[in-house]
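Overview (structure and organization)
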Amino acid sequence: MAKEFLLQPGELTLADLRRVLESHLPVKLPKSAYAAMAKSEKAVAAVIAEGRTVYGINTGFGELAKVSISTEKIGHLQRNLVLSHATGVGNPLSDDVVRLILFMKINALAQGYSGIRRDVIDALLFLYNNAIYPVIPAKGSVGASGDLAPLAHMTLPLLGVGKVRIGGKEQDAAAALKKRGFTFLTLAPKEGLALLNGTQVSTALALAGLFKTEDCYAAAVVAGALSIDAAKGSTAPFYPEIQRVRGQQGQIEIADQYRKLIKGSAIRESHRAVDSKVQDPYCLRCMPQVMGACLDQMRYAAGIFGREANAVTDNPLIFAEDGNIYSGGNFHAEPIAMAADALAVAIAEIGAMSERRIAMLIDAKVSGLPSFLVKDAGVNSGFMIAHVTAAALASENKMLSHPASVDSLPTSANQEDHVSMATHGAKRLITMARNTSDIVAIELLAAAQGVGFHAPLKTSAQLQKAVALIREKVDPYEEDHYFAPDIAFAGGLVRAGHFRGFVTEEILPSGNKGKRAA
């Protein structure tokens, strides 16, 4: 069994979050977290004892906030809130995303600003540590008063309602949890709202998209470097002097990565002194500028997502040290929505540049390679339709990259009159990253094929390792054959992160181990 991770509330790193998304990491909380929660619980109890009216504790919700609720009905109110808000539709979120949602909800509530009892956090820890994942429909949140519907579905099993997934199998929550000795919750004042308010669903989806983008990005850098050699492109556009006078940090750093990847290539040296090409097409020459800009956007988004993962985003918030309870709007997911839009553009551009390099490689007039990267073209179609697939995916990503954050529909009888649409804005990142991973997979296959035509000259030692990964299962393209399995294998390499090690660790946002996600 994996060693327990001591979760220090509010101090998660991107590396921590990636670990949780990719594998189950048992968690425990420090004593200080329980002390902080106990203080805010007492503040809520004081409101009830003193007969004060405070939103979310003894009032209705949303447009019904003006309705006061009697003390004897408060528990019923909290349960009704969960049941009525569980209105999600569509396919369920994947278990890895649900695991990250639970983890971040524990992180937020354990900071002691939400007024919940220890019983609630222990119930969430029970689900998380036992890999019992609530079934959460993917659709139904507009990312405003928190991710209300999906978080309601997250909460249902704590009440003995809804469905859970255990070991990949969907089960009735009440029966599954009772079998494991779980004590179902009777919610106290504020607890239903604390569980449902929050941006954890939008943030988990955004983080999943970010981490998948990192894998695509690293592979695209390798594929681009390999395409330079395949097309006998120039490395002059990657010289540090060019990058320095522009001053864009992402561009400076990624140009250095390309130089390191190509260093020692015999193919490059074969045409360094005498080169018939005056200039390479932009898909090669402008890789530092485009991929550098994408890196800057990834880092911007990573900063927003990391801070949000450590944020307290329910409402109202209890500041026990001075006894104040404030109603605000931390549940509004606009930061996630806008950063997800920026990341969507970066994902689309990573794929768009890769698709252009595939098109360049298969065009004999531009690349100098055999048409469609195959001998006896005409009898063989080679990479012709693989490029069509890449073009289709790149075009789909253009459509998906339309900003979500500029859209808004008022809800709750106009009480919630501006919403972020962060949830689906974040969710589409996963689809886009999958599309881009397949585009980059096709480029890796094409570039490896192109480099092979230059034998006995070899590419650099680093890029030979990349080709070797592909050649573990995919032979050089000698004649037409069933092509889809080749693309699936290369795509699997991209998505499994096999090319992350080819770029310096500090390049990728979650590679900065030990730094707070900020």
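In case you missed it, the structure is sitting above this.
Note that the structure is predicted; figures quoted are calculated from it, not measured. (Residues numbered from 1 in each chain as written. Predicted model: local features only at pLDDT ≥ 70, side-chain atom pairs only at ≥ 80, totals over all residues. Heavy atoms only, no water.)

1. Quick word on unusual backbone geometry
- A cis amide bond, omega -5 degrees, links Asn 315 with the succeeding residue Pro 316.
- A cis amide bond links Ala 455 to the next residue, Pro 456, at an omega of 10 degrees.
- Looking at the secondary structure, you find Pro 456 in the loop between helix H18 (422–452) and helix H19 (461–471).
- Non-glycine residue Lys 232 carries a positive phi angle of around 50 degrees.
- By secondary structure assignment, the location of Lys 232 is in the loop between helix H9 (200–230) and helix H10 (240–246).
- Given a relative accessible area of 30%, Lys 232 falls into the partly exposed group. (Helix = DSSP H or I, 4+ residues; strand = E, 2+ residues; numbered from the N terminus. Buried < 20%, exposed > 50% of the residue type's maximum accessible area, 1.4 Å probe, protein only.)

2. Concerning the environment of Asp 480
- Positionally, Asp 480 belongs in the loop between H19 and helix H20 (484–495).
- Expressed as a C-alpha distance, the spacing of Asp 480 and Tyr 128, which sit 352 residues apart in the sequence, is 49 Å.
- Residues contacting Asp 480, with those up to four places away along its chain left out, are Val 379, Asn 380, Ser 381 and Gly 382.
- A polar contact of 2.7 Å, which involves the side chain of Asp 480, links it to the backbone nitrogen of Ser 381.
- Within polar-contact distance, the side chain of Asp 480 engages the backbone nitrogen of Gly 382 at 3.0 Å. (Contact = heavy atoms within 4.5 Å. Polar contact = N/O pair within 3.5 Å; in protein donor to acceptor, adjacent residues only side chain to side chain.)

3. A look at the packing of aromatic side chains
- Scanning the entire structure with this criterion turns up 11 aromatic pairs.
- Between Phe 499 and Phe 502, the ring centres sit 5.8 Å apart and the planes meet at 35 degrees, which makes this aromatic pair tilted. Here Phe 499 and Phe 502 have matching classes, each one buried.
- An aromatic cluster of at least three residues, connected via ring pairs, comprises Phe 5, Phe 103 and Tyr 128.
- We note Arg 118 situated over the ring of Tyr 34; from NZ or CZ to the ring centre the distance is 3.8 Å. (Phe/Tyr/Trp six-rings, centres within 6.5 Å; stacked < 30°, edge-to-face > 60°. Lys NZ or Arg CZ within 6 Å of the ring centre and 35° of its normal.)

In short, geometric facts, not functional conclusions.
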